[in-house]
Structures are given as C-alpha cells and as structure tokens.
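Residues per chain, in single letters:
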Amino acid sequence: MTRDILSMIQSRMTSFSKGQKLIAKFILESYDKAAFMTASRLGKTVNVSESTVVRFAAELGYDGYPSMQKALQEMIRNKLTSIQRIEVTNDRIGDQDILPMVMQSDIEKIRLTLEEMDRTSFNAAVEAILHARRIYILGVRSAAALADFLSFYFNLIFDNVIPVHISSVSEIFEQMLRVGPDDVVIGISFPRYSSRTVKAMHFARDRGANVVALTDSKTSPLAEIASECLLAKSDMASFVDSLVAPLSLINALIVAVARRKNEDVEQTFSSLEQIWSEYGVYEKVEDETT
C-alpha cells in the first residue's frame, strides 16, 4: 500500500468498531511503539483480543498483521529521532538478556537478506563495477564505515576507485565533477537516510552514471534513484544502527568481483606480500613448532 497508513487510519476512524477504535487511537498516538509490538502485545496494551488486532489489519486491507506491522515500520524507520529509538528499543528489550537478543537479531537480518536478495540486480551490479571507467563510493555517518571498508578492498582490486568524502554538500559536486555515463557510483545509506548521499546519487544519475544503491528497502529514497538496488536488512539497536547484514552483502560483492579478476588479484597480492614483508607492515609470528 502506498498510502500513508496513519492517514488511512485517521480517515476511517468513524467506521471502526469500539475495539478497533482503541487500536487506531493507540497507533495514531504511539506509532513508534506500535510498529514493533506483536499482535498479542498490542491487544493487551489497549485491552482487546489478539484476534481483534488481526481483524483490524484485515479491515485496513492488509493480508495479515505482519503486513500492517511492516508498513508501519517502513513508514517510521526514517522518522525516529535518536531519543525515540532509545525509548522504542528499551520497550522492546524489557528484561531480556541483551547480548543474545542483539546477536540473534543480527543473524536473522543476514538470513532475511539472503532469502530476499535479487540475484539479477546483484549480478548486474558486479558487471557494472567490472566494466566501469571510474568507481565512486560514498556513504556518510554510520554508513561511512561501510564505504571505507568497500573502498579499501576495491582499491586492492582496481586502480580507478574514488572514495567520496563528504563533509559538506558543495564537496559532493567538487569530488564528482567529472562523473559520467561510463562510471559507476555506489551509494550506501540506511535509516535515517542521509540527505547528502541522496543528493549525490541524484547528481550522478542526472549525468548518466550507473548508480548502484546499497540500502534497506524499496521505499528508501536511494532505491528510486538507482539503476541497480542491493537490499540488506538493517535494524536499530537503541540509537545504534545494526549494519551487520549490509557488511555481509558488501563482503559478497567484493568476493564476487575479485573472483572475476582472479589473475589480476593474485598478482596484486603477490606484490603486496613482498612489500609488506620488506617494510614490516605486519608483526611476524614466530614458528613455535619444533
């Protein structure tokens, strides 16, 4: 459904039953919390049955409560402030053991990313990168770590990688001044989406570049700009962005590209090993065998 779920609930308020009005009122007032509640917990919170919550979702046109919940989550994910994130996460965690909860959540995000991955888009992105004149890579704030990781390894594979470091909007255009149709621009952003990354992607697309987005959802502002869109599940652990699944996807992208340039990569690392040894880049580990 493309229509804002909150607007839809508001417009249909008078047609709801007494129990449905209680659900609707809670969602409108506390949508940031409702989006992460199970049907059972939402029902208990407003003193209605779980089946009433499920029927409410069906009344709105969803094929089940999970679909309505997903619509709420996608709508609000980019709207939550850091304070709201902390409040929502504290509510979700409760008295649970944090360590296994967070790590199990990350495992689940990788599993869902793999299950829902568009292999055609992934392969197309690999081909575009392999044949690009220049490869621009950009990501800011928490996504900067992902962009740096990708840039580091691509620099070992290619000699045409340009990491875009963005501290102001004007620097985007200065560093991407010569971007054109033979180039690939890889933009990385997850909720809350960076306006600077979105502007850079628009700039690249308007100049005919092949734009590859690494983001979390088809509703992401990067997805509608991109020639190829690689989706990886993300979540919020308090104010912290969980980017385990995106990093795993980046690993896969690096390995896929490296396998296609296997001979060149072997020669590169053969030279690097000599340099690393000569200049003591790595600590030598003594052989303890006798």
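Everything here concerns the structure above.
Quick caveat: nothing in here was measured; it's all calculated off a predicted structure.

Ordered by their spatial adjacency, five strands build an open sheet running β2-β1-β3-β4-β5, and the pairing between neighbours is parallel. Lying at the two open borders of the sheet, with one neighbouring strand each, are β2 (161–164) and β5 (228–231). The average angle at which neighbouring strand axes cross in this sheet is 15°, direction not considered. With four bridges joining them, strand β1 (residues 135–138) and strand β3 (residues 184–188) adopt parallel strand pairing. If you follow isoleucine 135 over to β3, its bridge partner there is valine 184.

Working note: regular strand, side chains alternate between the two faces of the sheet. Relative to β2, β1 runs parallel, the two being bridged by four bridges. Its bridge partner being in β2, leucine 138 is matched across the sheet by valine 164. Regarding the hand of the β-α-β motif, the stretch spanning β1, helix α10 (residues 143–157) and β2 is right-handed.

Running from amino to carboxyl end, α10 crosses helix α13 (residues 244–260) at an angle of 10°, the nearest separation of the two axes being 10 Å. By the angle class used here, α10 and α13 are roughly parallel. In this structure, α10 uses Leu146, Phe149, Leu150, Tyr153, Phe154 and Ile157 to contact α13, whose residues at the interface are Pro246, Leu247, Ile250, Asn251, Leu253, Ile254, Val257 and Ala258. Taken together, the residues of the contact of α10 with α13 break down into 13 nonpolar, one polar and no charged.

Our next topic: the environment of isoleucine 137. Along the chain, the position of isoleucine 137 falls in strand β1. Spatially, the C-alpha atoms of isoleucine 137 and alanine 147 are 6.2 Å apart, while their sequence positions differ by 10 residues. Setting aside its immediate chain neighbours within four residues, isoleucine 137 contacts Ala147, Leu150, Ser151, Phe154, Val161, Ile162, Pro163, Val164 and Ile186.

Moving on to the packing of aromatic side chains. One pair of aromatic rings is described through two measures. These are the centre distance and the angle between the planes. All chains considered together, the criterion is met by seven aromatic pairs. With centroids separated by 5.4 Å and ring planes inclined at 80°, the aromatic side chains of phenylalanine 154 and phenylalanine 158 adopt a geometry described as edge-to-face. Per residue, the accessibility class of phenylalanine 154 equals that of phenylalanine 158, and both read buried. By the ring-pair criterion, three or more aromatic residues cluster together here, those being Phe149, Phe152 and Tyr153.

This paragraph deals with the pattern of salt bridges. A complete count under the given rule lists nine salt bridges for this structure. Residues glutamate 127 and arginine 260 are paired through a salt bridge, measuring 2.5 Å at the closest nitrogen-oxygen approach. Of this pair, glutamate 127 sits in helix α9 (residues 119–130) while arginine 260 sits in helix α13, placing them 133 residues apart in sequence. Relative accessible area serves as the criterion here: at 31%, glutamate 127 is assigned to the partly exposed category. With a closest N to O distance of 3.1 Å, aspartate 183 and arginine 133 form a salt bridge. Taken together, the residues aspartate 183 in the loop between α11 (169–175) and β3 and arginine 133 in the loop between α9 and β1 connect sequence positions 50 residues apart. Judged by relative accessible area, which is 1%, aspartate 183 ranks as buried. When its relative accessible area of 41% is taken as the criterion, arginine 133 is described as partly exposed. The structure contains a network of salt bridges with shared partners spanning Glu108, Arg111 and Glu115.

Rules of the game
Residues numbered from 1 in each chain as written. Predicted model: local features only at pLDDT ≥ 70, side-chain atom pairs only at ≥ 80, totals over all residues. Heavy atoms only, no water. Pairing = 2+ DSSP bridges. Helix = DSSP H or I, 4+ residues; strand = E, 2+ residues; numbered from the N terminus. Axes fitted to C-alpha atoms, helices over the stretch in contact; angles between N-to-C directions. Right-handed = clockwise from strand over helix to strand, strands pointing away. Parallel < 35°, antiparallel > 145°, perpendicular 65-115°, else oblique. Contact = heavy atoms within 4.5 Å. Nonpolar A, V, L, I, M, F, W, Y, C, P; charged D, E, K, R; others polar. Phe/Tyr/Trp six-rings, centres within 6.5 Å; stacked < 30°, edge-to-face > 60°. Buried < 20%, exposed > 50% of the residue type's maximum accessible area, 1.4 Å probe, protein only. Salt bridge = Lys/Arg side-chain N within 4 Å of Asp/Glu carboxyl O.

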